[in-house]
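Working through the structure, step by step
The residues making up each chain are set out below.
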Amino acid sequence: DKVRRAEFQIFWINHHMFIVFLGFTIPHKPDWALWFAIPALMYMYEKVQRYRRGSRPVILKEVRYIKPVLELRFEPTGMKFQDGQYVFLCCPRLGRMEWHPFTISSPEGDLFETSGDKKFMSLHIKVIPGGWTERVKQYLEIMNPQKAYPFVLKRRVGTELMIGKTYGVDGLQLLQVDGPHAAPCQHYKEYETCLVVGAGIGITPGSCILKSILRYKWRKKANPKRLYFAWVNRWINTIEYQWFILLLTKLFNRLGHDRKIGIVSED
């Protein structure tokens, strides 16, 4: 675990030694190569697709930080997703081969039912001291030396200053995103009654689902009609999730308002 966290490149390269091992098995059993060819081609295709998808320009609009959780807000450039799905994130400055999965924490309604600068896709990432997440935070703070949050990134197009930035001063993409990818919880909207359980930072799909239901689905009388939500967390770690507690407060205030004016029923 220490090697995986401290020297991910060594960890990643060593685990791909299986390719050499499988290559040496072919001379011992030539017929086996026919069976191996199909999964090998599928594996290679998946890797090529990851780097193809990841090379798409991604505009990072805003960075927020409430210790120890970093929130990244992207401009959705042709990307569509469903509630509960996840993406792989890469910071080329820290290593082009290092991709880490993070659940999308914003609802799909933020893409289709908002306009202009309000459209965004967000990721909430717990910053672990000494890890990749902390190095990403430190890299982005090069453009935010005062460490003042929220931090809005800007780029110049001709003479116009626009919100969002794709490339750093080193000419590399700030971040690359591969996805979205399917996840089990994206099927929650197929049921009238749901039980959503999250633990620790694993609450991100739960926050996405809560926002989607309370902001959009119940206003349309859409499923799920009833939601049971459970969050498992150590009490001493509760302060680490101030962003989520603030989110709950805003959502329930909005729900109370919607019920008062009759947009959402009391049932």
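See above for the structure.
Here goes a summary of the coordinates provided. Keep in mind that this is a model prediction, so the values were computed, not measured.

Summed over all chains, the structure comprises ten salt bridges. One salt bridge in this structure joins Arg-50 and Asp-178, with 3.2 Å as the shortest N-O distance. Of the two residues, Arg-50 is situated in helix H4 (residues 32-54) and Asp-178 in strand E9 (residues 176-181); the sequence distance between them amounts to 128 residues. The same class applies to Arg-50 as to Asp-178, namely buried. Residues Glu-240 and Lys-126 are paired through a salt bridge, measuring 3.2 Å at the closest nitrogen-oxygen approach. A residue pair is termed long-range when its members are at least 10 positions apart, and Glu-240 in the loop between strand E11 (226-232) and helix H8 (242-260) and Lys-126 in strand E5 (residues 121-126) qualify at 114 residues. When its relative accessible area of 30% is taken as the criterion, Lys-126 is described as partly exposed. Through salt bridges with shared partners, one network takes in Arg-50, Arg-53 and Asp-178.

Time to look at the packing of helix H3 (residues 18-28) against H4. At a closest axis distance of 10 Å, the pairing of H3 and H4 adopts a crossing angle of 155°. The pairing of H3 with H4 is recorded here as roughly antiparallel in orientation. Crossing handedness for the pair H3 and H4: left-handed. For the pair H3 and H4, the contacting residues are Phe-18, Leu-22, Thr-25 and Ile-26 in the first and Trp-32, Ala-33, Phe-36 and Tyr-43 in the second.

This brings us to the pairing of E5. Across the six residues that make up E5, a large majority, five, are buried. Both strand E2 (residues 69-75) and E5 contribute to a ladder of six bridges, which runs antiparallel. Counterpart to Leu-70 in the pairing with E5 is Ile-125.

Attention now moves to the packing of aromatic side chains. Centre distance and the angle of the planes are the two values used to describe a pair of aromatic rings. With the rule as written, the count across this model stands at nine aromatic pairs. For the ring pair Tyr-86 and Phe-88, a centre distance of 5.7 Å and an interplane angle of 70° mean the geometry is edge-to-face. Its relative accessible area of 24% is what places Tyr-86 among the partly exposed residues. Summarising the aromatic geometry, the rings of Phe-229 and Phe-244 are spaced 6.1 Å apart at their centres and angled 45° between planes, so their arrangement reads as tilted. In this pair, Phe-229 sits in strand E11 while Phe-244 sits in helix H8, placing the two residues 15 residues apart along the sequence. According to the relative accessible area criterion, Phe-229 is partly exposed, its value standing at 30%. Put simply, the rings of Phe-229, Trp-231, Tyr-241, Trp-243 and Phe-244 pair up and form one aromatic cluster.

Parameters at a glance
Residues numbered from 1 in each chain as written. Predicted model: local features only at pLDDT ≥ 70, side-chain atom pairs only at ≥ 80, totals over all residues. Heavy atoms only, no water. Salt bridge = Lys/Arg side-chain N within 4 Å of Asp/Glu carboxyl O. Helix = DSSP H or I, 4+ residues; strand = E, 2+ residues; numbered from the N terminus. Buried < 20%, exposed > 50% of the residue type's maximum accessible area, 1.4 Å probe, protein only. Axes fitted to C-alpha atoms, helices over the stretch in contact; angles between N-to-C directions. Parallel < 35°, antiparallel > 145°, perpendicular 65-115°, else oblique. Left-handed = near helix turned anticlockwise from the far one by under 90°. Contact = heavy atoms within 4.5 Å. Pairing = 2+ DSSP bridges. Phe/Tyr/Trp six-rings, centres within 6.5 Å; stacked < 30°, edge-to-face > 60°.

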